[in-house]
Amino acid sequence: MLEVTDLTKEYPTPRGPLPILSGISLSLSRGDAVSIMGPSGSGKSTLLYILGALEPPTSGTVTLDGRDPFGLTERELAAFRNKQIGFIFQDHSLLPQCSVLENVLTPTLVAEADGGYAERARSLLDQVGLSERIDHRPAELSGGEKQRVALARALIRQPLLLLCDEPTGNLDRKAAEVVASLLLELHRRQETILIVVTHSAELAARFPTRFELIEQQLRQA
Amino acid sequence: MRTTTLLKRNFIYYWRTNLAVILGVATAVAVLAGALLVGDSVRASLRDLFLLRLGNTSQVVSAAGFFREQLADDLQTHPQFATAFGAACPLIVLNAIVTHDESRRRGSGVQVYGVDERFWKFHGREGADQTPHNRELLLSPSLAQELGSKDGDAILVRVEKPSAIPLESLHGRKEDVGRTLRFSARGALPASALGEFSIRPQQGAVRAVFVPLRRLQRDLEQEGKANTILISEKGPGDAAKPELVERLLKDAFTLEDVGVKLRVLEAHHCLSLETEGAVVNDALAESARRAAAGLGAQTSSFLTYLANSIRAGGHEIPYSLVTAVDDNYSEGLSGEDPIMLNEWAARDLGAKPGDAVSLDYYLWQEPGRLLTQTAQFRLSSIAGLSGAAADRDLAPEYPGITGSESLADWDPPFPMDLGRIRPRDEEYWHQYRTTPKAFIRLAKGQELWGSRFGKLTSIRIFPGSGDLRSLHESYRQSLRPTLDPVRMGLSVYSAKAQGLAASRGATDFGEYFVYFSFFIVASALLLTGLFFKLGVEQRLREIGILRAIGFPAAKIRSLFLNEGAALAIAGSIVGLLGALAYGGLMMLGLRTWWVDAVGTTLLTLHISPLSLALGAAGGILAALACIVWTLRRLAPASPRSLLSGDWNVQRRGDGATGRGGEEETPRVFLYLPVAPSPRRPVSASHAAVAFSLLGLLLLLGSALHWVGQVAGFFGAGTLLLVALLCYQSAWLQGSKRKIIQGSGWWPVSRLGFRNATYRPGRSVLCIALIASATFIIVAVDAFRRDSQDVVLDKKSGSGGFSLLAESLLPLTQDLNTAEGRESLNLGLPDDAALAGVTFTRFRLRPGDDASCLNLYQPRNPKILAPGDDLIKSGRFAFQDSLARTPEEQANPWLLLQGEAAGGAAPVIADANSMTYVLHLKLGDEFVINQSSDHPIRLRLVGALKDSLFQGELLLSEKNFLRLFPDQEGYRFFLIDVPPEKAARVSAVLEERLSDFGFDVMPTNERLASFHRVENTYLSTFQTLGGLGLVLGTLGLATVLLRNVLERRRELALLRAVGYDSSDFVLMVVAENAWLLACGLLTGTACALLAIAPAFFSRGGHLPTGSLGVLLLIVVVTGLAASLVATVAALRSPLLPALRAE
């Protein structure tokens, strides 16, 4: 369960605090999939990063599975994110010097124990249709293929929360369609809480729950 | 807003990277300028030291013998003297051994100065007259300390006894060559009061004593005489002065000053020209005859000699003078080998004309033996004891002989059997003194008794018309101008000019320290370039925006160039302060840790604006070059790629751009594209294999002696280094890898190692830099020389000799003969130590040390002349020579006996001295007394390999005697003795020959002293190179910092997926450690291979301690730097890199 209560975020500037998010509350359970749309600079990514414990809120609380990540030490927080949260970004951010399989396995290197992730990685790559490409380097993949690898990487640890920031933003229509379908399919299989920030109305339309972030407030569309 | 405003804002805003650039430039400038300051400081220190010790001396007149003290005044009162010179001061300068009577502590190589109040006045110290009086003696500070003397202590000074009579002639006093004088110490004379007065430049401590001139003259029986005149300059500019002094000298000298005596013999109505040395050489004889001919006077030449016996018909007369006469006096000499006896001799022998007469006489043979020879004659006539036959003035004056009252009182320098003297012999002496008893033809006499010193004992000049007195005066006037005082023993040289020229140094320390500091400068410039590049790349988006809004690329380049120039100038200003610190530190090092390289602690920092300016200019130019090189790569990038801030990745034409499929192929930097090309790994592998094979081939060639061992292993090490770098390059670019999986610190570390393949070219560059620097620093150890043990190999640097010795006073005796040893008190029964010991003798002409031990440039090198025994032995090894014939190639020593090419005498030098001190090569000439009218040209024909002759030039004995006839006897010895006996033999020789100032040293000690200098240079290079390497590891950390910043998005993702700071640190440090380890291990392994022959030849000893510490410091610094860089890089938030907007 993801509980967000009265979340506020302000950035300090020399001319006073700049409000980005104001009084946002949200409650999501396993299997929920939501999209968040909003104009540029509305704070969508900021909200995503707070939910992913990448940035702390100015005020309010976020709990995931009953735990407040911002109350943890840095090490505990890193372990928390490693176990509970998967990320997919607009730019896939794959490691160019590692193979496809190794990129998927990257989060497992800092896991507390070796949980036989190699097999899971192969399975995920198979599910995203890249089982033939496990030894290839990112430079040998198309944009859509890279994003599929990022998707597999995000799910390797079976996270509770899957956060996507413009996952299809850099892809053409066809590739975006493939990635979007895979994203939703895998979310369904893994029963994650899926939150997608997007500009794409088409992608947003595929989600049962849609939000808009306007004037620092989150409203259900 | 103007461009300058933008520049100022950039300067302040990006202060961190700008500061790093400034520090990089500052380091480079500090080191460059500092190194140049070292050179200036050494030169200036040497110069200051020399001038302090020289006082007001500019020119020096000196002689092997003595001349009138008055000559100094005669020079000073010459009309032309005051136009160029200030004053002239006579003194006596001698070499001595000084002994502290109470403690018996000894100092050798001491300069004795016999001075009076004129000396202090000459040096402008009239008010501080330090003149010693009576038996007082002043010491230089270091000598006083060495002897431990206090006021009032008795000091014994032993000097060579002056004698005009050639030592290596019959009448030379060979066993009595020295004189010990006793003085009382009056204390040490500080250096500021000329206590370290020295005419020749030397960086070491000065050993000198000052004694009263009058006392010294009396003790040496040279009243009113001196052997040196100091001349001060009137103003600056010494160039033409020696020639002027020579001209003045030619006007001022008298016959007495050059040892020529002109007697008026009233009884014989003639003048007699003789010399103090009792022989008239050919040049003087020629001048004498010419001068006489010019006056219309007649001359006759005579050679008078002592016969041990005149024998005829079973009778003999002992110890008689015989005179060889020329044709003017040969009336009674007819027939073959005629001899004329005076009536006394004929009567005593009972001889009549036609009888056979034989003469027995001593002959001194050059190698050092007195032989008795016999010559046969036929009595042609008997002369009455009157007229020319009763001339007692035909014999020159021989101290101890001609002045004696009786034959029994004779004190000759050769054996004499007084038992042979009969009463009638004493009667003859009493009545006729030195009247010759026999006469032979001059030609015969010269054949029997002529020597290299001369073939006459007198020339008589008879007036054609006029009286004798007027002839005397006119002949003196006529003869003097025909004589060249410089050829007759007086020498003139410009002490100040020569010393100042020498002060420029044999070694350019500035150049050496620039080389030593090369790695520091290179690393500093690398850092400068890296940080500047880092700064530029951090501002790619800014550059993209400027391009997007219309700034042309050239304008942007100019902006950054101006910024870079400003940074470079700022850095150089800071660097100049650093230069003073670096220079000061290096000078401190030369006075302390590296004092073996310079042999003095008197070097201080001197600040030269020119060096600072050159260093600053060099640093700025180098930094600007780095900056220009960086900016050169900026131009091809498109604004769009710049705006994205990630313009290094090659994008594919698959619509991934989202902009209608436009393919963007920004050109990349100097590093390789990320996608490994199928061709590149193959070519790197091929190169690796090729270099490996070449290296193995070289090893094989070395093992089979096709190639020299050192060259073979060194070459193999270098090729292997290149091969390993190629292998690593190929590996980094390859794609086959073991999968990184698992969890914990090891997989994370492996990820760090894998990150090195992110930019293979950059990684290889880092490894190559570290490996190369390590290789050089370790491999130079191959050149370290170790001469701990005595080497008996006759082809080694010691020639197989265990000991070498130098004596202050010349030895004429042959120490290899029983007679020679006995005459020197070395033949006592208990001296079994000397059994089987052989001596190889050398003649020696003192001069400047031409080895690396002397910081001053040698202008007048010490010269040794070996005898034929050494030349024929073929000992020592030659590095190179001008040998042409098979005999010369087998034994290049023979080149010394060759003809002088174009008037230059052939010499051999040590290869190190020839190259690094004299800066000459084979075939070049070295000219002594270049500025005088009598230069001596020497041509280098052979180069010895790492020999103990590094301080000297070697000349054949024949050429030595021709060029330096005043240098008599032998003063340098190489001694063959088994090493186990060496200490005992050394002690015996030093004790028995202490009167000659015999100083013995093991040959390996001499070699070790040279090697210490070289080894210190190597250590300096290794230390500074190591510092450079340490600085280079900071560059490595900077590269990693760049990598981190370039991969911020990836690292942000890793943070997002749960990597914490410690994981990042581990990754980056692992990557750095991997690069460091590759570099260090590659460089060290190849270097060890390169120095393997030297390693084993030294018995497996390596300075592992110092090298190990150095490399450990490099590792620790590198890792620490990467840690700091990582922490700094990760301090700023990574997450913004993830943002889509």
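That block above? That's the structure.
The structure presented is a predicted model; accordingly, all values stated were derived computationally and were not measured. (Residues numbered from 1 in each chain as written. Chains lettered and ligands numbered in written order. Predicted model: local features only at pLDDT ≥ 70, side-chain atom pairs only at ≥ 80, totals over all residues. Heavy atoms only, no water.)

## Side note on the packing of helix α4 (residues 117–127) of chain A against helix α6 (residues 173–190) of chain A
Residues and elements named next belong to chain A. The N-to-C vectors of α4 and α6 enclose an angle of 135°; their axes lie 11 Å apart at closest approach. In terms of axis orientation, α4 runs oblique to α6. Taking contact as the criterion, the partners of R120, L124 and Q127 in α4 are, on α6, L182, L186, R189 and Q190. When the residues that make up the contact of α4 with α6 are grouped by side-chain class, the tally is three nonpolar, two polar and two charged. (Axes fitted to C-alpha atoms, helices over the stretch in contact; angles between N-to-C directions. Helix = DSSP H or I, 4+ residues; strand = E, 2+ residues; numbered from the N terminus. Parallel < 35°, antiparallel > 145°, perpendicular 65-115°, else oblique. Contact = heavy atoms within 4.5 Å. Nonpolar A, V, L, I, M, F, W, Y, C, P; charged D, E, K, R; others polar.)

## Focus on the interface of chain A and chain B
Chain A puts 50 residues into the contact, and the matching count from chain B is 41 residues. Interface of chain A and chain B: buried area, both sides summed, is about 3700 Å²; carbon and sulfur atoms make up 54% of it. On the chain A side of the contact with chain B, A:Q97, A:E102 and A:L109 bury the most area, a combined 18% of that side's loss. Across the salt bridge formed by B:D1060 and A:R75, the nearest N and O atoms sit 3.6 Å from each other. For the interface between chain A and chain B, the tally reads nine residue pairs in polar contact (both at pLDDT 80 or more). Elements with a minimum of two residues in the side of chain A that touches chain B: α1 (44–51), α2 (74–84), β5 (85–89), α3 (100–105), α4 and α5 (143–155) of chain A. In terms of residue count, α2(A) provides more of the side of chain A that touches chain B than any other element does, five residues in total. Here the side of chain A that touches chain B is built from residues that sort into 20 nonpolar, 14 polar and 16 charged. (Buried area = accessible area lost by both parts, 1.4 Å probe. Salt bridge = Lys/Arg side-chain N within 4 Å of Asp/Glu carboxyl O. Polar contact = N/O pair within 3.5 Å; in protein donor to acceptor, adjacent residues only side chain to side chain.)

## Thoughts on the packing of aromatic side chains
Residue and element names in this part refer to chain B. Counted according to the given criterion, the structure contains 35 aromatic pairs over all chains. Measuring from centroid to centroid gives 5.2 Å for F81 and F85, while their planes differ by 45°, and the two rings are tilted. Like F81, the residue F85 is buried in the burial classification. Ring centres 5.5 Å apart and planes at 85° place the aromatic pair F878 and W893 in the edge-to-face group. Taken as a pair, F878 in strand β22 (residues 878–881) and W893 in the loop between α28 (886–890) and β23 (905–910) lie far apart in primary sequence, 15 residues in all. Take F878 and W893: they sit in the same class, and that class is buried. (Phe/Tyr/Trp six-rings, centres within 6.5 Å; stacked < 30°, edge-to-face > 60°. Buried < 20%, exposed > 50% of the residue type's maximum accessible area, 1.4 Å probe, protein only.)

## Some words on the sheet that holds β5(A)
Residue and element names in this part refer to chain A. Pairing is mixed in the open sheet, where six strands are placed in the order β5-β6-β7-β3-β8-β9. Either end of the sheet is taken by a strand with one partner, and the two such strands are β5 and β9 (217–220). Along the sheet, successive strands turn relative to each other by an average axial angle of 20°, direction set aside. Packing against the sheet, α6 makes contact with β3 (33–37), β5, β6 (161–165) and β7 (193–197), and its axis sits at approximately 160° to β7. (Pairing = 2+ DSSP bridges.)

## What to know about the environment of B:N1004
Its location among the elements puts B:N1004 in helix α32 (residues 1003–1046). For the pair B:N1004 and B:A850, spaced 154 residues apart in sequence, the C-alpha to C-alpha distance is 18 Å.

## Quick notes on the sheet that holds strand β4 (residues 59–64) of chain A
Note: strands within a sheet are paired through backbone hydrogen bonds, in either parallel or antiparallel orientation. Residue and element names in this part refer to chain A. Strand order in the open sheet formed by three strands is β2-β1-β4, and the pairing between neighbours is antiparallel. On the outer flanks of this sheet lie β2 (18–28) and β4, each paired with one strand and no other. The mean inter-strand angle of the sheet, taken between neighbouring strand axes irrespective of direction, is 20°. Relative to β2, strand β1 (residues 2–11) runs antiparallel, the two being bridged by seven bridges. Within β2, the position partnered with Y11 by the bridge is L18.

## Looking at the pattern of salt bridges
Residue and element names in this part refer to chain B. Using the criterion set out here, one finds 52 salt bridges over all chains in the structure. Between D282 and K455 there is a salt bridge, with the nearest N and O atoms lying 3.6 Å from each other. Note that D282 is positioned in helix α9 (residues 282–294) and K455 in the loop between α12 (442–449) and β17 (458–462), a separation of 173 residues in sequence. For K455, a relative accessible area of 32% corresponds to the partly exposed category. With its nearest N and O atoms 3.0 Å apart, the salt bridge here joins E316 to R420. Here R420 lies in the loop between β15 (369–383) and α11 (423–432) and E316 lies in strand β12 (residues 315–325), a separation of 104 residues in the sequence. Linked through salt bridges whose partners overlap, the residues forming this network are E69, D116, R118 and R214.

## What to know about the pairing of strand β27 (residues 970–976) of chain B
Residue and element names in this part refer to chain B. Among the seven residues in β27, seven count as buried, and that is most of the element. Here five bridges tie strand β19 (residues 803–811) to β27, and the two strands are oriented antiparallel to one another. In the strand pairing of β27, L803 is matched with I975.

## A look at the nonpolar core
In this structure, A:L2, A:I195, B:F119, B:F210 and B:F513 are the most contacted members of the largest nonpolar core, which totals 171 residues. If you tally residues by element for this core, the top one is α32(B), at 15 residues. Listed in part, the 87 residues of the second largest apolar core include B:Y398, B:L468, B:L479 and B:V492. (Core = buried A, V, L, I, M, F, W, Y, C linked by side-chain atoms within 4.5 Å.)

## As for a nonpolar patch on the surface
There is a patch of nonpolar side chains on the surface, built from B:L694, B:L697, B:L700, B:L704 and B:W706 and spanning about 570 Å² of accessible area. Looking at where B:L694 falls in the secondary structure, it is placed in helix α22 (residues 680–703). (Patch = residues over 30% accessible without salt bridge, like charges linked within 9 Å, V, L, I, M, F, W, Y side chains within 5 Å. Areas by Shrake-Rupley, 256 points an atom, 1.4 Å probe, with all protein chains shown as cover.)

## Some details on α1(A)
All names here are of chain A. Counting buried positions along α1 yields eight of eight residues, so the element is predominantly enclosed. Of all the positions in α1, only K44, S45, T46, L47, L48, Y49, I50 and L51 are classed as buried. Taken from the residues just after α1, A53 is the one with a positive phi, measuring 60°.

## Considerations on the state of the cysteines
Residue and element names in this part refer to chain B. Going through the model one piece at a time under the given rule, you end up with zero disulfides over all chains. Here C1078 is not cross-linked by a disulfide; its sulfur's nearest cysteine counterpart is in C766, at 11 Å. You can see C1086 has no disulfide; the closest cysteine sulfur is in C726, sitting 11 Å from it. By relative accessible area, C1086 is classed as buried at 0%. (Disulfide = S-S within 2.5 Å.)

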